[in-house]
Amino acid sequence: MAENGSSTTTESEKLLLNHHTEKHFTAREIVRDIIIGVSDGLTVPFALAAGLSGANAPSSIVLTAGIAEVAAGAISMGLGGYLAAKSEADHYMRELKREQEEIIAVPDTEAAEVAEILSEYGIEPHEYRPVVNALRKNPQAWLDFMMKFELGLEKPDPRRAVHSALTIAFAYIIGGIVPLIPYMFIPEATKAVVASVSVTLIALLIFGYAKGRFTGNQPIKSALQTALIGAIASAAAFGMAKAVQG
């Protein structure tokens, strides 16, 4: 009867899990890459365009320099994202190998570490001993447990490095084109920069608001902070160009 009861409970739990969908945000890595790319894309070309405008360069020069910077920046940022993701993957594999060797060489010590981890969650010795013994019988599950709960490392997606590079580069291009749009239509840079400031600040506000929504921060505060950073960067570049020219 006990076995039937246990089986019934298991089936009930499975049924509940199948009908329950938790709405958690799981695309944090993609969002992080987009934030990195767009924020730099909006800010750096914006500051460059403002600086060149302050030096009285014509719109054609500003646009050419801006497009060149966007291309170089996208490649640089994408490469940085690739190397960062690749480094994370390499670090995970090194720790995985080390943990695997420790499980084989010092299993009792590793089992004691499992017990310590579980005790930190308020689980009593008589409750976690069966779990420890079960993990010892399943080396792969034991290894996965140690990687996640002892080292706090999640197995990286093998395609993560390429995806990160492409996402950051594309996001940088999207952000970098925004402050350059006015220079495509207004020949005089001193007038184009005014339109560029307006367009870019609006874009920064929208981007900052969206970033705040996705990251769980206050959207309005995030929007104002993002716009302020972009405004300071462009104002500094414009002022320095004027100072050097004058």
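As the structure is a prediction and not an experimental result, all values here were calculated from the model. (Residues numbered from 1 in each chain as written. Predicted model: local features only at pLDDT ≥ 70, side-chain atom pairs only at ≥ 80, totals over all residues. Heavy atoms only, no water.)

## Section: the pattern of salt bridges
Per the counting criterion, the structure on display carries six salt bridges. The closest approach of N and O atoms between Asp-108 and Arg-136, which form a salt bridge, is 3.0 Å. Within this pair, whereas Asp-108 is found in helix H4 (residues 107-119), its partner Arg-136 is found in helix H5 (residues 125-136), the two being separated by 28 residues in sequence. Between Asp-157 and Arg-159 there is a salt bridge, with the nearest N and O atoms lying 3.6 Å from each other. Since its relative accessible area comes to 54%, Arg-159 is described here as exposed. (Salt bridge = Lys/Arg side-chain N within 4 Å of Asp/Glu carboxyl O. Helix = DSSP H or I, 4+ residues; strand = E, 2+ residues; numbered from the N terminus. Buried < 20%, exposed > 50% of the residue type's maximum accessible area, 1.4 Å probe, protein only.)

## Some words on the environment of Val-132
With respect to the element layout, Val-132 can be found in helix H5. It is 6.6 Å that separates the C-alpha atoms of Val-132 and Ala-115, two residues lying 17 residues apart in sequence.

## Overview of the side chain of Asp-33
Note on placement: Asp-33 falls in helix H2 (residues 28-54). In contact with Asp-33, other than residues within four places in its own chain, are Arg-160, Ser-164, Thr-167, Ile-168 and Ala-171. (Contact = heavy atoms within 4.5 Å.)

## A word on H4
Compared with the 18 Å implied by 1.5 Å per residue over 13 residues, the 18 Å span of H4 between its first and last C-alpha is a close match. Within H4, burial applies to Glu-110, Ala-111, Val-114, Ala-115, Ile-117 and Leu-118. Take H4 and look down its axis: the buried residues cluster within an arc of 160°, on one side only. Contacts from the buried residues of H4 go to helix H3 (59-105), H5 and helix H6 (139-150). (Expected span 1.5 Å × (residues − 1). Arc of directions from axis to C-beta.)

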